[in-house]
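For reference, the chains in residue letters:
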Amino acid sequence: MLTDIQIAQAAKPQKIVQVAERLGIGEEHLESYGPYKAKVDYNLLKDGARTSGKLILVTAINPTPAGEGKTTTTVGLADALAQRGKNVVVALREPSLGPVFGIKGGAAGGGYAQVVPMEDINLHFTGDFHAIGAANNLLAAMLDAHIQNGNELNIDVRRITWKRVVDMNDRQLRHIVDGLGGKAHGVPREDGFDITVASEVMAIFCLATSITDLKERLGRIVVGYTYDDEPVTAHDLQAEGAMCALLKDALKPNLVQTLEGTPA
């Protein structure tokens, strides 16, 4: 039996432009990232003809010893429906680097029920998680810069709730002390890192319905409290515009395909 990676690398995927054509997505709404992956402009929701469809939810399940879990089941079901002539699209969440390099491994399916290009999807893909991490850490940097440069908002450094993030399982960074090294290097305080996909920016990103909605939600993030017990938000730090700029492309969904050419 071939391994997942051997099966994926032996595949001959269709050009992503062809996959998009079958979905009725024109080149004006497609941004190619090489021949086999692309982003879809969310303006398609406004510009394209809207048709109703059916949503099949594959809920959380325990994988078998062979590894069949949510993704493998979802991909296999979609390919089966496509073989029966149904117009079908697979909708999957994007893998995080932490679990990919941990015990769990990749998250693009398995066996002959995979999404390709598997290596790209499991690693950097189109840079979405990097953008989310950058937006999160920009807010953290602006918060500490504000405290360093006079702390006009009167932020209590003992009550900062905003953490930095990294897209990796790194327990050494969960609880740290930073800002050491003297006046030029910030104010010493307790800090920590979450994994990117567990961040509030990730949650907001999933809920946002548009760029405008995303910016408004980002502005409402509470990063800590003042000495008078008042909440301090990203809007107070005037950070939401720059954060939103970092996320503008990540908001566009990615388009790839299964081994059998079903759009994903």
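Since we're looking at a predicted model, the values are computed, not measured. (Residues numbered from 1 in each chain as written. Predicted model: local features only at pLDDT ≥ 70, side-chain atom pairs only at ≥ 80, totals over all residues. Heavy atoms only, no water.)

**Q** Would you take a moment to explain the overall build of the chain for this structure?
**A** Secondary structure summary: the chain contains 10 helices and 13 strands in total. Projected onto its principal axes, the C-alpha coordinates of the chain cover approximately 65 × 45 × 30 Å. Put simply, of all contacts in the chain between residues at least 6 apart along the chain, 62% involve residues at least 24 apart. When the accessible area of the chain is evaluated, it comes to approximately 15100 Å², of which 54% is carbon and sulfur surface. The centroid of the 26 positive side-chain charges in the chain is displaced by 5 Å from the centroid of its 32 negative side-chain charges. (Helix = DSSP H or I, 4+ residues; strand = E, 2+ residues; numbered from the N terminus. Contact = heavy atoms within 4.5 Å. Areas by Shrake-Rupley, 256 points an atom, 1.4 Å probe, with all protein chains shown as cover. Lys, Arg positive; Asp, Glu negative; His and termini not counted. Charge placed at Lys NZ, Arg CZ, Asp CG, Glu CD.)

**Q** What exactly am I supposed to notice about the state of the cysteines here?
**A** Every disulfide links exactly two cysteines, by a covalent bond between their sulfur atoms. Applying the stated criterion across every chain, the model contains 0 disulfides. With no disulfide of its own, Cys206 has Cys244 as its nearest cysteine by sulfur position, at a separation of 15 Å. (Disulfide = S-S within 2.5 Å.)

**Q** Please explain the sheet that holds strand E10 (residues 222-226) as it appears in this structure.
**A** With antiparallel pairing, 3 strands are arranged side by side in an open sheet as E5-E10-E11. The two strands at the open ends of the sheet, each matched to only one other strand, are strand E5 (155-160) and strand E11 (231-233). Taken pair by pair, the neighbouring strands of this sheet meet at an average axis angle of 50°, ignoring direction. Where E5 and E10 come together, 2 bridges link them in antiparallel fashion. The partner of Ile155 across the bridge, within E10, is Thr226. On top of the sheet, helix H7 (residues 128-148) reaches E5 and E10; it is set at about 135° to E5, its chief contact. (Pairing = 2+ DSSP bridges. Axes fitted to C-alpha atoms, helices over the stretch in contact; angles between N-to-C directions.)

**Q** Got a minute to help me understand the side chain of Lys37 in this structure?
**A** Within the secondary structure, Lys37 sits in the loop between strand E1 (30-32) and strand E2 (38-40). Separated by 3.0 Å, the side chains of Lys37 and Asp120 make a polar contact. Among the polar contacts made by the side chain of Lys37, one reaches the main-chain carbonyl oxygen of Phe125 at a distance of 3.4 Å. Excluding anything up to four places from it in sequence, Lys37 contacts Ile16, Ser32, Asp120, Phe125, Leu255 and Val256. (Polar contact = N/O pair within 3.5 Å; in protein donor to acceptor, adjacent residues only side chain to side chain.)

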